[in-house]
Amino acid sequence: MSVFPQLKVNFTLQKSIELAWSYVPTTNRIMFFIERSKNNVDFEKIGLLNTEVATSYEFFDLFPTKGISYYRLVSVDQNGQLVQSPTQQVCLLF
């Protein structure tokens, strides 16, 4: 069983959401999907990052929605296996 990276969520002054995580590269992991939801059930893909040799990653949601949103990562390996991170909740009141 693999351990999934901890997703860190930060609000930036430019009214965007910064998602950051660290992950030890493996030969099987090929990409991360970044997903967002308003109800913590129905998620939409808002980004994609290919894994290379990096150990730290970041993604900016430049169009966050007002109110509560939920973010998660989905890692994909070469065999198509998906692993989801724990969900992080963000509340924006702008």
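Residues numbered from 1 in each chain as written. Predicted model: local features only at pLDDT ≥ 70, side-chain atom pairs only at ≥ 80, totals over all residues. Heavy atoms only, no water.

Quick word on the environment of Met31
Its location among the elements puts Met31 in strand β3 (residues 29–37). A residue is classified by how much of its surface remains accessible, and Met31, at 19% relative accessible area, is buried. For the pair Met31 and Leu49, spaced 18 residues apart in sequence, the C-alpha to C-alpha distance is 5.6 Å. Not counting the four nearest positions on each side in its chain, Met31 is found in contact with Leu48, Leu49, Asn50, Thr51, Val74, Ser75 and Val76. (Helix = DSSP H or I, 4+ residues; strand = E, 2+ residues; numbered from the N terminus. Buried < 20%, exposed > 50% of the residue type's maximum accessible area, 1.4 Å probe, protein only. Contact = heavy atoms within 4.5 Å.)

A look at the nonpolar core
Counting residues in hydrophobic clusters, the biggest one holds twelve residues: Ile17, Leu19, Trp21, Tyr23, Phe32, Ile34, Tyr57, Phe59, Tyr71, Leu73, Val90 and Leu92. Top contributing element to this core by residue count: strand β2 (residues 17–22), with three residues. (Core = buried A, V, L, I, M, F, W, Y, C linked by side-chain atoms within 4.5 Å.)

Focus: the environment of Thr65
Within the secondary structure, Thr65 is located in the loop between β5 (56–61) and β6 (67–77). For Thr65, a relative accessible area of 28% puts it in the partly exposed group. Ignoring any residue separated from it by four or fewer positions in sequence, one finds Thr65 in contact with Lys38 and Leu92. Among the polar contacts listed, one links the side chain of Thr65 to the side chain of Lys38, at a separation of 3.3 Å. Here Ser69 takes part through its side chain, which lies 2.8 Å from a polar atom of the side chain of Thr65. (Polar contact = N/O pair within 3.5 Å; in protein donor to acceptor, adjacent residues only side chain to side chain.)

Side note on the pattern of salt bridges
Two side chains carrying opposite charge are able to pair once their charged atoms lie near each other. Evaluation of the coordinates by the stated rule reveals four salt bridges. Several salt bridges converge on common partners, so that one network encompasses Glu35, Lys45 and Arg72. (Salt bridge = Lys/Arg side-chain N within 4 Å of Asp/Glu carboxyl O.)

Some remarks on unusual backbone geometry
Its identity is not glycine, yet Asn40 carries a phi of approximately 65°, on the positive side. Note on Asn40: relative accessible area 35%, which makes it partly exposed.

With respect to a nonpolar patch on the surface
Together, Phe60, Leu62 and Phe63 line one region of the surface with nonpolar side chains, adding up to about 360 Å² of accessible area. Here Phe63 shows up in the loop between β5 and β6. A relative accessible area of 68% means that Phe63 is categorised as exposed. (Patch = residues over 30% accessible without salt bridge, like charges linked within 9 Å, V, L, I, M, F, W, Y side chains within 5 Å. Areas by Shrake-Rupley, 256 points an atom, 1.4 Å probe, with all protein chains shown as cover.)

Digging into the side chain of Glu35
Tracing the backbone through its elements, the reader meets Glu35 in strand β3. Within polar-contact distance, the side chain of Glu35 engages the side chain of Arg72 at 2.6 Å. Ignoring sequence-local partners within four residues, the contact set of Glu35 consists of Phe43, Glu44, Lys45, Ile46, Tyr70, Tyr71, Arg72 and Val74.

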